[in-house]
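# Survey of secondary and tertiary structure
Okay, here's what each chain looks like letter by letter:
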Amino acid sequence: MTRAEFARRRRQLARMMGPGSIAILPSAPVAHRNRDAEYPYRPDSDFFYLTGFPEPEAVAVLIPGRRHAEYVLFCRERDPEKEMWEGARAGQEGAKEEYGADDSFPIGDLDDILPRMLEQCERVFYAMGCNPDLDRRMSEWIGQVRTRARAGVQGPLEFVALDHYLHDMRLYKSRSEIKTMRQAARISARAHRRLMQLCRPGLAEWRLEAEFVYACVSAGARYQAYRPIVGGGANGCVLHYVDNGDELRDGDLVLVDAGCELEWYASDITRTYPVNGRFSPSQRALYELVLKAQLAAIAKVQPGNHWDDPHKAAVRVITRGLVELGILRGQVSSLIRREAYKRFYMHRTGHWLGMDVHDVGDYKIDGAWRLLEPGMVLTVEPGLYIPAGSKGVAKKWWNIGIRIEDDVVVTRDGHDILSKDAPKTVAEIEALMERGK
Ligand code: GLY
Ligand code: MN
Ligand code: MN
């Protein structure tokens, strides 16, 4: 992402805020794993979206129309001693020169400077409830401003949910965001291919996890967008199984839901295939059904259709298919109305995808499903899960868990599948796995 793109986003937000407004946005805190060990640092998505600033302990302030500095970045000071241990910091000079801030102050000066900035504004754009430390300080600052009322200080009159505005911006991906997401999906799709070639009975689930992470990191994607799910047999029926600790067995399916993060943009792909490389007749029947549902859902990803159209298409195909296979009994339309499919397909067909794997953006507007528009990116991921012991279901269907998930961008005339490099037809998968033997 270029500096110009971050500046463009700040201008767009400033236009929406209007004069007399201030936006205050903190980065994410460092997360401690245990004692002196930290989790790898991940900037807050909203903060990074507007600033491109990668360091912790930073707060961005935007004051549209302010004369000498509209964009102020509070961040850590340079510190040769700390930098010797932890690496370089941008400092106040770097904030201005490399990250485009009009002005920058040490993060330790926030309590002194922010009340003065708040005094001059009528409207505060702030995401309350996301950062308890800053929430508390914000109410202290507002309290300080109030005590100066007799000195003629008016202070803010209105609080506005900043996240609501930012999240609407983030829902529409720019050309360069789509380029990054395409690259993330391509890296993940190739990693999935690699796993299909390596998979065999006797491997531990975590071996596939390790190979997936290795393939992504080797291709330049250092982080996973979420913990990889590698579930063989019955574990494939656990929707967010992340233990990945069992052995993959001959005759079972394996469900792999994994996606890398590239430049803080997520991919999210699921493929399900036979551990031994050949679908059994019952696995194949259910797999073909989920694939048919997925293709029907993807076909509904078109500008002008609404958010629920892909889900409705998937539900229709799955319900009809389950009746044909004798797993559900009754009339298709009434089974759909009664949501009988939910016993085997209990989640929705997708979610927005972006800097967060379950990305931001409203799914409904004024109570109605949102229309799909070019630049939106979503997953399409129907599934079927039939655990052992499912009452009234023949044994041959037990322990089959299937999900097929792709990342799809809405285009002007339809859609584009970012994750298309990951094979998903029975013929493609069996051929690839045969070659891998
Ligand atoms: N990997 C989480 C999801 O598919 O939503
Ligand atoms: Mn997924
Ligand atoms: Mn997903």
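The model shown is predicted, which means the values in this text are computed figures rather than measured ones.

Rules used in this analysis
- Residues numbered from 1 in each chain as written.
- Chains lettered and ligands numbered in written order.
- Predicted model: local features only at pLDDT ≥ 70, side-chain atom pairs only at ≥ 80, totals over all residues.
- Heavy atoms only, no water.
- Near = heavy atom within 4 Å.
- Polar contact = N/O pair within 3.5 Å; in protein donor to acceptor, adjacent residues only side chain to side chain.
- Areas by Shrake-Rupley, 256 points an atom, 1.4 Å probe, with all protein chains shown as cover.
- Nonpolar A, V, L, I, M, F, W, Y, C, P; charged D, E, K, R; others polar.
- Donors = N, O, S within 2.8 Å, 3.2 Å for Na, K, Ca; no water.
- Helix = DSSP H or I, 4+ residues; strand = E, 2+ residues; numbered from the N terminus.
- Buried < 20%, exposed > 50% of the residue type's maximum accessible area, 1.4 Å probe, protein only.
- Contact = heavy atoms within 4.5 Å.
- Phe/Tyr/Trp six-rings, centres within 6.5 Å; stacked < 30°, edge-to-face > 60°.
- Lys NZ or Arg CZ within 6 Å of the ring centre and 35° of its normal.
- UniProt positions renumbered as here; feature names shortened; annotations may be inferred.
- Expected span 1.5 Å × (residues − 1).
- Arc of directions from axis to C-beta.

### Notes on the site of ligand 1
In the vicinity of ligand 1, the contacting residues are Tyr226, His240, Asp257, Asp268, His351, His358, Glu381 and Glu405. A distance of 3.2 Å separates an oxygen atom of ligand 1 from a polar side-chain atom of Asp268. Note that an oxygen atom of ligand 1 is positioned 3.2 Å from one of the side-chain N or O atoms of Glu405. The protein chains hide 92% of the 200 Å² of surface that ligand 1 would expose on its own. Across the shell around ligand 1, the residue classes break down as one nonpolar, three polar and four charged.

### Re the coordination of the manganese ion (ligand 2)
For the manganese ion (ligand 2), the protein coordination sphere consists of Asp257 (OD), Asp257 (OD), Asp268 (OD) and Glu405 (OE), at 2.0 to 2.4 Å. The sequence motif formed by the donor residues of the manganese ion (ligand 2) is D-x10-D-x136-E.

### Points about the side chain of Ser282
Here Ser282 lies in helix H10 (residues 281–299). Judged by relative accessible area, which is 13%, Ser282 ranks as buried. Excluding residues within four positions of it along the chain, Ser282 makes contact with Lys396, Trp397 and Ile400.

### Side note on the packing of aromatic side chains
Scanning all chains against the criterion turns up ten aromatic pairs. Aromatic pair Tyr223 and Trp264: ring centres 5.9 Å apart, planes at 15°, arrangement stacked. Remark: Trp264 occurs in the loop between strand E12 (260–262) and strand E13 (265–266) and Tyr223 occurs in strand E9 (residues 223–224); sequence separation between them is 41 residues. A relative accessible area of 17% means that Trp264 is categorised as buried. With 5.2 Å between their ring centres and 5° between their planes, Trp352 and Tyr363 make a pair best called stacked. In this pair, Trp352 sits in the loop between helix H12 (332–337) and strand E15 (364–365) while Tyr363 sits in the loop between H12 and E15, placing the two residues eleven residues apart along the sequence. For Tyr363, a relative accessible area of 25% corresponds to the partly exposed category. One aromatic cluster is present, built from ring pairs that chain together Phe6, Phe48, Tyr223 and Trp264. A cation sits over an aromatic face here: Arg9 above Tyr49, 4.1 Å from the ring centre. Cation over ring: Lys364 sits above Trp369, and NZ or CZ is 4.6 Å from the ring centre.

### Side note on the UniProt feature "domain: Aminopeptidase P N-terminal" (unreviewed entry) in the protein chain
Within the UniProt annotation, "domain: Aminopeptidase P N-terminal" (unreviewed entry) is assigned to residues 1–135. Taken end to end, residues 1–135 is 37% helix and 20% strand, and its first and last C-alpha atoms sit 30 Å apart.

### With respect to the environment of Tyr49
With respect to the helices and strands, the residue Tyr49 is situated in helix H2 (residues 45–51). A C-alpha to C-alpha distance of 6.9 Å links Tyr49 and Phe6, two positions 43 residues apart in sequence. With residues near it in sequence (within four places) discarded, Tyr49 still touches Phe6, Arg9, Leu166, Met169, Arg170, Glu177, Tyr265 and Met355. At 3.5 Å, the side chain of Tyr49 and the backbone oxygen of Met169 are in polar contact.

### Looking at helix H6 (residues 132–147)
For H6, which comprises 16 residues, the first-to-last C-alpha distance of 23 Å matches the rise-based estimate of 22 Å (1.5 Å per residue) to within 8%. Those residues of H6 that fall on the buried side of the exposure criterion are Leu134, Asp135, Arg137, Met138, Trp141, Ile142 and Val145. For H6, the buried positions fall inside an angular range of 170° around the axis, keeping them on one side. Turned more than 90 degrees off the buried face of H6, the exposed positions are Pro132, Arg146 and Thr147. Taken together, the buried residues of H6 touch strand E1 (21–26), helix H5 (110–119), strand E7 (123–125) and strand E8 (158–160).

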